[in-house]
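These are the residues of each chain, in order.
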There are 2 protein chains.
Amino acid sequence: MKTTRSVLADQATDFPRWFQDVITKAELADNGPVRGTMVVRPYGYGIWELLQEAMNRRIKATGAENAYFPLLIPESYLRREAEHVAGFSPELAVVTHAGGKELEEPAVVRPTSETMIGEYMAKWVQSYRDLPLLLNQWANVVRWELRPRLFLRTTEFLWQEGHTAHATEEDARAYATRILTEVYRDVMVNLLAIPVLAGRKTRRERFAGAINTMTLEAMTGDGKALQLGTAHELGQNFSRAFDIGYLSREGRRELAWTTSWGSTTRLVGGMIMVHGDNAGLRVPPAVAPVQVVVLAVKDETISAARAIATDLEAAGLRVTLDDRVDQPFGRRAVNWELKGVPIRIELGPRDLAANAATVVRRLRANGKSTVGLADLVSTVTRAIDDDQVHLLAEASARQAERITPVTTVDDAVEAASSGWASLPYATLGEEGEDRLGESGITVRCLQRPDGSLPIGDNEPDLIAYVARSY
Amino acid sequence: MKTTRSVLADQATDFPRWFQDVITKAELADNGPVRGTMVVRPYGYGIWELLQEAMNRRIKATGAENAYFPLLIPESYLRREAEHVAGFSPELAVVTHAGGKELEEPAVVRPTSETMIGEYMAKWVQSYRDLPLLLNQWANVVRWELRPRLFLRTTEFLWQEGHTAHATEEDARAYATRILTEVYRDVMVNLLAIPVLAGRKTRRERFAGAINTMTLEAMTGDGKALQLGTAHELGQNFSRAFDIGYLSREGRRELAWTTSWGSTTRLVGGMIMVHGDNAGLRVPPAVAPVQVVVLAVKDETISAARAIATDLEAAGLRVTLDDRVDQPFGRRAVNWELKGVPIRIELGPRDLAANAATVVRRLRANGKSTVGLADLVSTVTRAIDDDQVHLLAEASARQAERITPVTTVDDAVEAASSGWASLPYATLGEEGEDRLGESGITVRCLQRPDGSLPIGDNEPDLIAYVARSY
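Here the structure is a predicted model, which is why all the values come from computation and not from measurement. (Residues numbered from 1 in each chain as written. Chains lettered and ligands numbered in written order. Predicted model: local features only at pLDDT ≥ 70, side-chain atom pairs only at ≥ 80, totals over all residues. Heavy atoms only, no water.)

Colleague: Would you mind showing me how to read the relation of the copies chain B and chain A here?
Modeller: The relation between the two chain copies is a rotation about an axis coupled with a shift along that axis. Superposition record for chain B on chain A: RMSD 0.0 Å, screw rotation 180°, translation along axis 0.0 Å. The transformation relating the two chain copies, once decomposed into turn and shift, fits a two-fold axis. Considering only C-alpha atoms, the part of chain B nearest the rotation axis is Val95(B), at 2.1 Å. Here 100% of the contact residues of chain B are again contact residues in chain A; the copies associate through an equivalent surface. (Least-squares fit on C-alpha atoms with pLDDT ≥ 70 in both. Contact = heavy atoms within 4.5 Å.)

Colleague: For this particular structure, what's the right way to read the pairing of strand β19 (residues 368-372) of chain A?
Modeller: All names here are of chain A. Where strand β18 (residues 356-361) meets β19, five bridges bridge the pair, whose relative direction is antiparallel. When the bridges of β19 are listed, Ala357 appears paired with Val371. Counting the residues in the hairpin turn of β18 and β19 gives six residues, including Asn366, whose phi is positive at 50°. (Pairing = 2+ DSSP bridges. Helix = DSSP H or I, 4+ residues; strand = E, 2+ residues; numbered from the N terminus.)

Colleague: So what exactly am I meant to see when it comes to the domain arrangement of chain A here?
Modeller: Reports often express the size of an interface as the amount of accessible area lost when the parts come together. Residue and element names in this part refer to chain A. What the domain assignment lists for chain A is domain 1 (15-275), domain 2 (290-385) and domain 3 (403-467). Inter-centroid distance (C-alpha atoms) of domain 1 to domain 2 is 39 Å. At the interface, six residues of domain 1 touch five residues of domain 2. In total, domain 1 and domain 2 occlude about 500 Å² of area from one another, counting both sides; carbon and sulfur atoms represent 61% of this. Looking at the side of domain 1 facing domain 2, the largest losses of area belong to Ala26, Tyr43 and Leu50, adding up to 71% of the total buried there. (Domains from an automatic or database assignment. Buried area = accessible area lost by both parts, 1.4 Å probe.)

Colleague: Even after reading the chapter, I still don't get the packing of helix α2 (residues 42-61) of chain B against helix α8 (residues 266-275) of chain B, so can you show me in this structure?
Modeller: Angle between the axes and distance between the axes are the two parameters that describe a pair of packed helices. Residues and elements named next belong to chain B. The N-to-C vectors of α2 and α8 enclose an angle of 115°; their axes lie 10 Å apart at closest approach. By the angle between their directions, the pair α2 and α8 is classed as roughly perpendicular. The two elements α2 and α8 meet at a crossing, and its hand is right-handed. Contact residues: Ile47, Trp48, Leu51 and Met55 in α2; Leu267, Val268 and Met271 in α8. The residue inventory of the contact of α2 with α8, partitioned by class, reads seven nonpolar, no polar and no charged. (Axes fitted to C-alpha atoms, helices over the stretch in contact; angles between N-to-C directions. Parallel < 35°, antiparallel > 145°, perpendicular 65-115°, else oblique. Left-handed = near helix turned anticlockwise from the far one by under 90°. Nonpolar A, V, L, I, M, F, W, Y, C, P; charged D, E, K, R; others polar.)

Colleague: Help me understand helix α12 (residues 376-401) of chain B, please; the structure alone is not making it clear to me.
Modeller: Within an α-helix, residues lying three or four positions from one another point in the same direction, as the helix has 3.6 residues per turn. Across its 26 residues, α12(B) extends 36 Å between first and last C-alpha, which sits within 8% of the 38 Å expected from 1.5 Å per residue. Of the residues making up α12(B), those classed as buried are Leu376(B), Val380(B), Ala383(B), Ile384(B), Asp387(B), Gln388(B), Leu391(B), Ala395(B) and Gln399(B). (Expected span 1.5 Å × (residues − 1). Buried < 20%, exposed > 50% of the residue type's maximum accessible area, 1.4 Å probe, protein only.)

Colleague: Please clarify how the sheet that holds strand β15 (residues 292-296) of chain B should be interpreted in this entry.
Modeller: Pairing between the strands of a sheet is mediated by backbone hydrogen bonds and can be parallel or antiparallel. Residue and element names in this part refer to chain B. Spatially, β16-β15-β17-β18-β19 is the arrangement adopted by the five strands of the open sheet, whose pairing is mixed. Each having just a single partner strand, β16 (319-322) and β19 (368-372) make up the two edges of the open sheet. For this sheet the average axis-to-axis angle between neighbouring strands, irrespective of direction, equals 25°. Pairing of β15 with strand β17 (residues 343-347) involves five bridges; the strand directions are parallel. Bridging from a neighbouring strand, Ala296 pairs with Leu347 of β17. Sheet strands touched by helix α9 (residues 302-314): β15, β16 and β17. Its angle to β15, the strand with the most contacts, is close to 165°. Where α12 meets the sheet, its contacts fall on β15, β17, β18 (356-361) and β19, and the angle it forms with β17 comes to roughly 155°.

Colleague: When you look at helix α14 (residues 425-438) of chain B in this model, what are you seeing that I'm missing?
Modeller: All names here are of chain B. Taken as a whole, α14 carries its principal kink of about 70° at Glu431. Of all the residues in α14, the buried ones are Tyr425, Leu428, Gly429, Gly432, Glu433 and Leu436. At its buried positions, α14 is contacted by α13 (409-415), β21 (420-424), β22 (442-447) and β23 (463-467). Positive backbone phi, approximately 75°, marks Gly440, located one or two places after α14. (Bend = angle between axes of the 7 residues up to and from the residue.)

Colleague: Any chance you could explain unusual backbone geometry here in plain terms?
Modeller: Note: most residues except glycine have negative phi, and most peptide bonds are trans. All names here are of chain A. With an omega of -10°, the peptide bond between Leu131 and Pro132 qualifies as cis. Looking at where Pro132 falls in the secondary structure, it is placed in the loop between α5 (114-124) and β7 (133-142). The backbone of Asn355 sits at a positive phi, close to 60°, despite the residue not being glycine. In this fold, Asn355 is placed in the loop between α11 (349-353) and β18.

Colleague: How do you make sense of the nonpolar core when you look at a structure like this?
Modeller: Note on soluble globular proteins: their nonpolar side chains tend to be buried together. Membership of the largest hydrophobic core comes to 73 residues, with the highest contact counts inside it found for Ile23(A), Leu28(A), Leu51(A), Tyr184(A), Ile272(A) and Leu281(A). Tallying contributions element by element places helix α6 (residues 169-190) of chain A first for this core, with nine residues. If you look at the next biggest cluster of nonpolar residues, it comprises 68 residues, including Leu180(B), Leu192(B), Ala231(B) and Val290(B). (Core = buried A, V, L, I, M, F, W, Y, C linked by side-chain atoms within 4.5 Å.)

Colleague: In this structure, what is going on with the UniProt feature "domain: Aminoacyl-transfer RNA synthetases class-II family profile" (unreviewed entry) in chain A? I would like to understand it.
Modeller: The positions that UniProt labels "domain: Aminoacyl-transfer RNA synthetases class-II family profile" (unreviewed entry) are, in the present scheme, residues 35-284 of chain A. The straight-line gap between the two end C-alpha atoms of residues 35-284 of chain A is 31 Å; of that span, 32% is helix and 32% is strand. (UniProt positions renumbered as here; feature names shortened; annotations may be inferred.)

Colleague: Help me understand the interface of chain B and chain A, please; the structure alone is not making it clear to me.
Modeller: The interface is formed by 52 residues belonging to chain B together with 52 residues belonging to chain A. Taking both partners together, chain B and chain A bury about 4100 Å²; carbon and sulfur atoms supply 61% of that area. Linking chain B to chain A there are four salt bridges. Between Glu49(B) and Lys60(A) there is a salt bridge whose closest N-O contact spans 3.1 Å. Where chain B meets chain A, there are 26 residue pairs in polar contact (both at pLDDT 80 or more). For the side of chain B that touches chain A, the per-class residue count stands at 32 nonpolar, eleven polar and nine charged. Here five bridges tie strand β5 (residues 93-98) of chain A to strand β5 (residues 93-98) of chain B, and the two strands are oriented antiparallel to one another. Across the sheet, the residue bridging to Ala98(A) is Ala93(B), located in β5(B). (Salt bridge = Lys/Arg side-chain N within 4 Å of Asp/Glu carboxyl O. Polar contact = N/O pair within 3.5 Å; in protein donor to acceptor, adjacent residues only side chain to side chain.)

Colleague: Would you take a moment to explain the packing of helix α1 (residues 15-25) of chain A against helix α8 (residues 266-275) of chain A for this structure?
Modeller: Residue and element names in this part refer to chain A. Interhelical geometry of α1 versus α8 gives an angle of 120° and a closest axis separation of 11 Å. Taken together, the axis directions place α1 and α8 in an arrangement best described as oblique. As α1 runs across α8, the sense of the crossing is right-handed. Each of Phe15, Trp18, Phe19, Val22 and Ile23 in α1 lies in contact with α8, whose residues at this interface are Gly269, Ile272 and Met273. Here the contact of α1 with α8 is composed, by residue class, of seven nonpolar, one polar and no charged.

Take a look at the structure:
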């Protein structure tokens, strides 16, 4: 079978270049004209839409409501929380002129909305009855990136950002944890087929203004780490800065405890980096805009191919008919392979004469077989389900294989040259974190020995997962 | 029955003030901190989400695909189409600094994306096989408004903008017309219950850079006009400016014909202005985030109220249970009335003893009745359907009543003081348009005598609809 190796850089030789190649050749996205920006093309956006829909449903199930806050934030808002402004200042894009005049106060294009939403939470929250206040928005944000990379780190990106206010620290923590595990992890594992480690960030890796950042970390095809979603406990830092107070049941004025959490178009980048191979994308069926493509090989098989496509659609699958018989068949097949469509059905005159079709499963090695037309719908439906599970199992096995338990910082540096290392956080400490940093390695997250999320920084026996990252 | 008249300005006395009041009191939206911006609160956003979903489905049914283009446009792009830049220049917000430095070329925050998308269409379109190219995006845009008004004219607003390229002028026109009628008008009429006039704009009212703008115009409660959606034929203006060319079937290089079309959060403003009354909003069931609210009057009716809510939800309705029995019942009822929830079910101890509930239909005069619990689901389901139809009929009758056919410009000015006027466009002409303008009146649209859309500016017998507008 032909492959598209010729048009893509080799994964093993130059993974970042392969990543850029596959994005443009599979028509997921293009570079925008302003440095670091991205044009998301219909095929890439189709994946994002399916993710968005799944994420949105789960977010609503936790009780949060969608709203929309302005893009432009008065510069003074950002200054109210000291760590926050320090963290975001270098990345801000600033509107200084509008309507033909210089603005009295410059407006920042939101890099994130804690400050904007904090201001309104302060107005809307009066009493304990108004808590918890659970808000989410789907929006674009702008962060001026030094080293932009399509989908992973773009100057503008799309995301959802959740912002909540709670009466107690416990309630805030429980909610942020629920978002991390029931919403984000569920989507990553069960839709994107990406195994992720859930853990706590060290102090230096925290979100600017948070008292705790919880993260989900995926392993890329080249053994690096990719942060795919975070949920932050903001303590009372923003409540204090924006005066988000409430009258308690006992009639005392208290400060609320807030959280924020976000997941972005980076999820699409994660999917590419975790599952892609030298022939191109491999898209998990659950987020595939096209789950099955039916290729008519010749003119005389078009009508039968269309009938097959109709049957598969009726079975609830997302199907595309490729009837461009005036174009070389090989090139069409390779192109669908590049695009990572899970199932390709090829219908040629000989197939049709044998009352059969050729089925190629993109997510399986040696995934080619001949299937009788009578069994086609059931075979394809089963394959779609099986391959979703298979893809996760495959990625999980690869991840487990490439995490090396070590006991010293030197060994961690060594192991992180080609994968992740795990070691006791006590062995590492803040000084060890410095030494890792010298080799471009960071602590991706801390976990308890049983894999659960630590509550404090100083719990005993914490395991640190360390790696290079995108 | 109590009303909320006390908290809202009177519609007849000060309609614009009533509009602002109802938006904030019903918790649809708040003013943002940067002048003219808007915070869309969950209740307002819930209406927008239902509209968006309906619009999105219809847009996709025409064959368009969603994509996403960058927010920031190089200033030079806008200058390439002369009329376009002239039209938008006064409204632009400009990012001059980013990442701590002054930018070499300032970036404009998109006011609309013809120029950005034109640049990419030129890359993606090579041959007649690539046409039509049908793209849509859901996005925010920024236009610095002199006289901002919540939902109607905000500095930032949410919208979808469609951009398409076609091989022929006829195909471009047919597609833009299809969007106007099958997508926009269908959503306005059948979801928002807003009767609209579809027509062609006069030359001076056209979109900057278009050769034809088609519009849908609604009548507000105070007899003015509100433009609710437009579709533009851009001719070859943008193809020429951005070099969107293709090789024809005959092997000749040709310029494409492009269109653009948009609908915005203004639709929510239209809903308020068309249907609202002195007691507050009246939300059409099809776009109501809450179609039915079940109020437990007393503690002892909570569990029965919850059972009713569950039954209604099971019947596919969007239902909220109001069990805040520690708060005054009258205030709660007035609040739901203010929010325009189509059906309110009140369950007091006496109702329960009689195995009945009180049903109040917000969209009907004297809409209060007692309904046996056994009939409740069927009665409410039927009422929801009937009231959707009723609301449109009511608005249509009001609109028809307030359009006065006249024959002179003076009579048109007179009639437009309290409604719309219609007159032969031949009587009016460009000079007549000037005279209307002196009284703050504009031609909203031109129609053929049979109500259909004119193709050219100079068709005989065109009817002009003129009015003051928001």
